[in-house]
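Observations on the three-dimensional arrangement
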Amino acid sequence: MNITRLTVDGLEHGLITDEHPTIAFGLSSAVAGEDLATAHVRVGDWQIETTDQVGIVYNGPLQPHTEYTVEVEATGTSGATASATTSFHTGRLDLPWIARWITDGTYETPEKLSPVPMVFRTRFAADKPVRRAWIETTALGIYELELNGQKVGEDYFAPGFTSYAHNLQYQTYDVTDQVAGGNELVATVAGGWAVGSYTFKRKNRTYADRQALLLEVHLQYADGSSEVVATGPGWEVAIDGPVRMAEWYDGETVDARITADDMTFRPVALTAPRTNPTVRAQYGSPVRVQDTLTPITQTLAPSGEVIYDFGQNFAGVIHATLRGTNGQTVVFRHAEVLVDGELFVKSLRTAKATATYTCVDGDQTYSPRQTYMGFRYVGVTGIDPDDLELTAVVLHTDLRRTGTFTSSNERLNKLQSAIEWGGRSNFVDIPTDCPQRDEREGWTGDYAVFAATASYNFDMGRFLNKWLRDMSAEQSSGGGIPMVVPRAGNGFPVMANSVWGDVCIMGPWAEYLARGDLGLLRRTYPMMRKFLKAAGWWSKLLSTGDKRLVWQFPFHFGDWAAPEGRAQDWIQRGKWVGTAYYANSAGIVAQIADLLGEHADAARYRTLRQDVIRAYRNVFTDGAGTLKGKGDFQTAYVLPLHFGMTSGAETEAMADNLLRLIAENDGRLNTGFPGTPYILFALSDNGRTEEAFDLLLQTGPPSWLYMIDAGGTTIWERWDALREDGTVNIADLQSGKEDGSGGMVSFNHYAAGAVGDWFYKRIAGIEPTSGGYKTFRVAPLLGGGLTSAEGAVDTPYGRASSSWTLDGTTFVLRVEVPVSTRCTVVLPDGTSTEVASGVHEFACAVAHGLVRGAEEPARG
């Protein structure tokens, strides 16, 4: 038996924390049916005997700046044993900062623009042998550190995006090997989210009037003495450094000719944040380089711009190795698509998405450090292509990939790739809606519908924990959840609304099912309760009878981004969407309450769920499964079917009505953000599996495979973002006309990629039935001409997988079950078996009706 993975707060190594951490470990064993019998967990003098493998909270003593070793000794039910160790460090805990906040007090940030980056510097000596040296630092803005001319750390965009009025992370960097006898420390601080231009209205100075830096260098000498070098009056600042402009939307401008000798340094001014945020050691995961891409083609546009195609839409920056001359300026423009051989940038709206670099003589490299773009294509001017070697750096939060899916259908494999890349591109410190235009905000509805897909593909624990802290901090006293988190100047008022607000329930629940840690549910439960209370208050407003359970006010996005209609049409469907999601969230919170021992709450929420279901039926339907009036739209059937709000003949009628509406739409879906993740479930889970595969495999717009066949490598915001005639849909949301505004169209918008959840749970058939896959189900669905599929997920207990093949009428299934878990396997012939840990193989014959040709014909 082996301990395959031992983590502390989700990390196998490198954790620095100001809080009591949580320990988890996975096991593997050659013994079939192995379970953990007991584990001994020791941290210094603290120890515990447990039968748990996840959610083990270390509640022993913590001292600042101390390393703690974690030891785990596990014994299996077979008598086999395994052991492993790791360690974590504490940060400052509540140790007061010696450092002072510093800024350039003379600088005035221009209206609606991002500030010029500030360059701070100091010099210090380390005259004795250094045993250990580290830097603790944070900023209002985003910072880059250099010590003796070398970059410190691997992070981009530190300290990360939080609700700076409430929460602020600091980072810790070990610089023992970088410290010399004489040292120069330089910090470049751009406006970032705190000060820079943000949102499409170009608001700035949201959290601070200008950038500020807080930093301490800790030196521990070999003789036992120590010293702290801290920001304060002795530091200098300049605003005429080489980075002339840096902001999220417009890009970055760098003049490499500018050196420290050319800059005008002056004494810093002391400052302080406007509020008193909680400053804690980094609890989210950093943004780092994840991959490097090389162009697949290089072409000359009619305009004379040299176009590089990287073959993949993504979030990141270029990396240029170039031979230049002093004063030569090279311009790099970015776009997601080409039209008539040129970069199409109208959809970026006001974002310039441009990197401009002025050269020195000779060979040099350039890559933006204080911005990022969403792009596939780069247009370059100002340099001969022979003097340029261009690659691209993929940037996103450091997320561990946990899930995979493949099948015999190559189109579906490409769709799975687009789903993954859409997630990666929009998990840049927060879950953004898109990575390219003048937005890139933390829209909550996008993540709500994608949460289960995200938590299968990636370990979202640290990422989500960070974002949910800000969500809780920004929740209104009445229980409303911001539509964008952090709000950061977004103009929407904070109020309770469906889907977008339901993220406070759906996000933690999806991650709990994937990871099994009750701590996340416990921390977010008060936020969930407040939100449901707010939903109830709005539902009762101006209502009587069952209508007091219909959630109509104050506002819902409704069936947002449905293929038909415009924004006002989608919004008018809000009460159907809101009421169904209200019932669903009440049911989820009832389960959470039971898990947390809040049984009275659980009973109340179960009753609420049933009451809301009754209201949906009585107010919106004829009582027999047909929606009345304006409620006769696909999402209004999808949601009650998938949320378990129907029974018996009513279910059959609703499923038939959904099929009727699909048929009336030429066999295609017509759902927006709220219904798209569940339309295939609504069909397949109610006896319409063949119809679900038919819908999935449609290739004309609107459909998932239309995006793929049109060359999409990520998921689009609108089903017809690229029309069949090759034009881009930049129509205004309200008028439906192209008015020059750029409309609302993104080619990297992950919400519709929530269909991935059906791939994993129905095609591969692997689905958790309790937290962390402690128990799970494998029940593959056959159809669509598929002859094989495989889904694998790295659970907290170990690897779980489902891999099947279909040869003629012979179905063969291989299931992998981790130690300490149980799996219920259901074969296509209805046979059900419960198995313990190990690798198991099953076979059965299937009916001829389930077998189609391996190559499914294209559907228009």
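Residues numbered from 1 in each chain as written. Predicted model: local features only at pLDDT ≥ 70, side-chain atom pairs only at ≥ 80, totals over all residues. Heavy atoms only, no water.

Some remarks on the overall build of the protein chain
Helix and strand counts for the protein chain stand at 15 helices and 44 strands. In terms of overall dimensions, the protein chain is globule-like: its C-alpha atoms have a radius of gyration of 28 Å, near the 29 Å expected for 860 residues. Along the longest, intermediate and shortest principal axes, the C-alpha atoms of the protein chain span 80 × 70 × 60 Å. In the protein chain, the proportion of contacts linking residues at least 24 apart, taken out of those at least 6 apart, comes to 72%. With an accessible surface of roughly 30600 Å², the protein chain has 49% of that area assigned to carbon and sulfur atoms. Side chains of the protein chain carry 74 positive and 102 negative charges; the gap between the two charge centres is 7 Å. (Helix = DSSP H or I, 4+ residues; strand = E, 2+ residues; numbered from the N terminus. Rg over C-alpha atoms; globule rule 2.2 N^0.38 Å. Contact = heavy atoms within 4.5 Å. Areas by Shrake-Rupley, 256 points an atom, 1.4 Å probe, with all protein chains shown as cover. Lys, Arg positive; Asp, Glu negative; His and termini not counted. Charge placed at Lys NZ, Arg CZ, Asp CG, Glu CD.)

A word on unusual backbone geometry
The omega angle of the peptide bond from A158 to P159 is 15°, so this bond is cis rather than trans. One can find P159 in the loop between β13 (150–151) and β14 (167–174). Omega for the bond connecting F553 with P554 falls within 30 degrees of zero, at 0°, which places this linkage in the cis form. Tracing the backbone shows P554 in the loop between α6 (518–540) and α7 (567–571). In this structure, A353 is a non-glycine residue whose phi angle is positive, near 45°. Summarising the element assignment, A353 is placed in the loop between β29 (342–343) and β30 (354–358). With phi around 65°, Y773 is a residue other than glycine that occupies positive phi space. Here Y773 lies in the loop between β37 (766–768) and β38 (775–778).

Some points on the sheet that holds strand β21 (residues 266–267)
Pairing is antiparallel in the open sheet, where 6 strands are placed in the order β13-β12-β15-β10-β18-β21. With partners counted over all chains shown, the strands left at the sheet margins are β13 and β21, one partner each. By the bridge criterion, 3 bridges tie strand β10 (residues 118–125) to strand β18 (residues 236–238) in an arrangement that is antiparallel. Within the sheet, the bridge partner assigned to V119 lies in β18 and is A238. (Pairing = 2+ DSSP bridges.)

Looking at the layout of surface pockets
A volume near 900 Å³ is recorded for the second largest pocket. In this structure, the second largest pocket is lined by 34 residues; those nearest its centre are W509, L513, H642, K761 and E767. Those elements giving two or more residues to the lining of the second largest pocket turn out to be α3 (444–457), α5 (503–515), α8 (574–595), α15 (756–763) and β37. Residues belonging to the lining of the second largest pocket are distributed by class as follows: 20 nonpolar, 8 polar and 6 charged. (1 Å grid on protein atoms, 1.4 Å probe; cavity = no way out; pocket = protein on both sides within 12 Å on 5 of 7 lines; lining within 4 Å. Points joined across faces, edges and corners; volume = space filled by probe spheres on them. Nonpolar A, V, L, I, M, F, W, Y, C, P; charged D, E, K, R; others polar.)

What to know about the pattern of salt bridges
Counted under the stated rule, the structure contains 57 salt bridges. Linked through salt bridges whose partners overlap, the residues forming this network are R349, D433, R437, D438, E439 and E717. (Salt bridge = Lys/Arg side-chain N within 4 Å of Asp/Glu carboxyl O.)

A short note on the packing of helix α13 (residues 689–696) against α15
The geometry of α13 relative to α15 is characterised by a closest axis approach of 13 Å and an angle of 145° between their N-to-C directions. Of the two possible hands of crossing, α13 and α15 adopt the one that is left-handed. Here A692, F693 and L696 of α13 come into contact with α15, specifically with W758, F759 and I763. Split into classes, the residues belonging to the contact of α13 with α15 amount to 6 nonpolar, no polar and no charged. (Axes fitted to C-alpha atoms, helices over the stretch in contact; angles between N-to-C directions. Left-handed = near helix turned anticlockwise from the far one by under 90°.)

Here's the deal with the packing of helix α4 (residues 461–474) against α5
Geometrically, a packed helix pair is captured by the angle between its two axes and the distance between the axes. Look at α4 against α5: their axes get within 11 Å of each other, and the N-to-C directions meet at 160°. Comparing their axes, α5 and α4 come out roughly antiparallel. Both α4 and α5 take part in a crossing whose hand is left-handed. Along the contact surface, α4 presents G461, L464, W467, L468 and M471, while α5 presents V503, C504, G507, P508 and E511. (Parallel < 35°, antiparallel > 145°, perpendicular 65-115°, else oblique.)

Topic: α4
Here α4 contains 14 residues, and its C-alpha end-to-end distance of 20 Å stays within 8% of the 20 Å for a straight helix at 1.5 Å per residue. Burial analysis of α4 places 10 of its 14 residues in the buried class, which makes it a mostly covered element. Within α4 the residues assigned to the buried category are R462, F463, L464, N465, K466, W467, L468, D470, M471 and E474. (Expected span 1.5 Å × (residues − 1). Buried < 20%, exposed > 50% of the residue type's maximum accessible area, 1.4 Å probe, protein only.)

What to know about the packing of aromatic side chains
The geometry of an aromatic ring pair is captured by two quantities: the separation of the ring centres and the angle between the planes. On inspection of all chains with the given rule, the structure shows 54 aromatic pairs. Residues F693 and W758 carry aromatic rings whose centres are separated by 5.1 Å and whose planes lie at 70° to one another, so their mutual orientation is edge-to-face. One end of the pair, F693, is in helix α13; the other, W758, is in helix α15, with 65 residues separating them in the sequence. Of the two residues examined, F693 and W758, each falls in the buried class. (Phe/Tyr/Trp six-rings, centres within 6.5 Å; stacked < 30°, edge-to-face > 60°.)

Structural notes on the confidence of the model for the protein chain
Detailed conclusions should not be drawn from predicted coordinates in areas where pLDDT is low. Summary statistics for the protein chain give a mean pLDDT of 96 and a share of 99% for residues scoring 70 or more. Of the regions scoring below 50 in pLDDT, residues 852–860 engages in 22 contacts with residues more than four places distant in sequence or in other chains. (pLDDT = per-residue confidence, 0-100.)

Overview of the side chain of E511
With respect to the helices and strands, the residue E511 is situated in helix α5. Looking at E511, its side chain comes within polar contact range of the main-chain nitrogen of G461, at 3.0 Å. (Polar contact = N/O pair within 3.5 Å; in protein donor to acceptor, adjacent residues only side chain to side chain.)

Some points on the nonpolar core
Membership of the largest hydrophobic core comes to 215 residues, with the highest contact counts inside it found for F332, F759 and I763. Ranked by residues supplied to this core, first place goes to α8 with 12 residues. Excluding residues that lie within four positions of it along the chain, I763 makes contacts with F405, L412, F693, L696, W758, P780, L781, L786, A789 and W804. (Core = buried A, V, L, I, M, F, W, Y, C linked by side-chain atoms within 4.5 Å.)

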